[in-house]
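Below, each chain spelled out in residue letters.
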Amino acid sequence: MSHSAAVPAGQAPGPPATPPRRADRLSVRGLRFQGHHGVFEHERREGQEFVVDVTLLTDTRPAALSDELRDTIDYGTLVEQVRAVVQGEPVDLIETLAHRIAEVCLSHPAVLEAEVTVHKPHAPIQASFDDVTLTILRSRRGVVS
């Protein structure tokens, strides 16, 4: 007779552990907005295009069962909130911009985690390049490792 785990006398073994359910993912990619972010004065003055991708981890089962917008993440509203951040108060770093966007995403109760990528395709660097990006992952618990 083999036992995989010792059970205290007088207690029945509990049900087998079930693996955690993987969250669903809602993505909005390629949002293009003008912003005035950057460390250089000309970036603040002239502005430039920023491209944002967001992927939100959520549980879509309540919305699937009810077929009601109130039970999910209204991505139309989310896009307007992201627009307000990018077109809003200038910041020096895309790290700060990405963090502010993640905070907006996490303000939606159904969002468990938010992955935010900020693209700065016209960054002021002296080289031929396709893009500069920063991707962050945030959760209600803080930084995700």
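Residues numbered from 1 in each chain as written. Predicted model: local features only at pLDDT ≥ 70, side-chain atom pairs only at ≥ 80, totals over all residues. Heavy atoms only, no water.

**Focus on empty space enclosed by the protein**
For the structure on display, the rule yields 1 cavity of 30 Å³ or more. Around the largest cavity, the lining residues are Thr-58, Asp-59, Thr-60, Ala-63, Asp-71, Thr-72, Ile-73 and Ala-110. Along the lines of polarity and charge, the residues of the lining of the largest cavity split into 3 nonpolar, 3 polar and 2 charged. (1 Å grid on protein atoms, 1.4 Å probe; cavity = no way out; pocket = protein on both sides within 12 Å on 5 of 7 lines; lining within 4 Å. Points joined across faces, edges and corners; volume = space filled by probe spheres on them. Nonpolar A, V, L, I, M, F, W, Y, C, P; charged D, E, K, R; others polar.)

**Some thoughts on helix α3 (residues 75-86)**
Helix length check: α3 (12 residues) gives 16 Å between terminal C-alpha atoms against 16 Å at 1.5 Å per residue, within 8%. Taken as a whole, α3 has its buried residues at Leu-78, Val-79, Val-82, Val-85 and Val-86. Within α3, the buried residues cover an arc of 120 degrees as seen down the axis, which keeps them to one side. Contacts made by the buried residues of α3 are with β1 (24-35), β2 (48-58) and α4 (94-106). Between a side-chain oxygen at the N-terminus of α3 and the backbone nitrogen of Gly-76 the separation is 3.0 Å; the capping residue is Asp-74. (Helix = DSSP H or I, 4+ residues; strand = E, 2+ residues; numbered from the N terminus. Expected span 1.5 Å × (residues − 1). Buried < 20%, exposed > 50% of the residue type's maximum accessible area, 1.4 Å probe, protein only. Arc of directions from axis to C-beta. Contact = heavy atoms within 4.5 Å. Polar contact = N/O pair within 3.5 Å; in protein donor to acceptor, adjacent residues only side chain to side chain.)

**A few points about the nonpolar core**
Membership of the largest hydrophobic core comes to 28 residues, with the highest contact counts inside it found for Ile-101 and Val-116. Put simply, the parts of the chain that give this core at least two residues each are β1, β2, α3, α4, β3 (113-119) and β4 (133-139). Once you skip the residues sitting within four places of it in the chain, Val-116 turns out to touch Val-52, Asp-53, Val-54, Ala-98, Ile-101, Ala-102, Leu-134, Thr-135 and Ile-136. (Core = buried A, V, L, I, M, F, W, Y, C linked by side-chain atoms within 4.5 Å.)

**Here's the deal with α4**
Counted at 1.5 Å a residue, the expected span for α4 with its 13 residues is 18 Å, and the 18 Å between its end C-alpha atoms agrees. What α4 keeps buried is the set Ile-94, Leu-97, Ala-98, Ile-101, Ala-102, Val-104, Cys-105 and Leu-106. Looking at the buried residues of α4, the elements they touch are β2, α3, β3 and β4.

**Some remarks on the pairing of β3**
Counted residue by residue, β3 has 6 buried out of 7 residues, so it is predominantly covered. In the sheet, β2 pairs with β3 via 7 bridges, with the strands oriented antiparallel. Within the sheet, the bridge partner assigned to Val-52 lies in β3 and is Val-118. Examined bridge by bridge, β3 and β4 share 7 bridges and lie antiparallel to one another. Residue pairing for β4: Glu-113 is matched across the bridge by Ser-139. (Pairing = 2+ DSSP bridges.)

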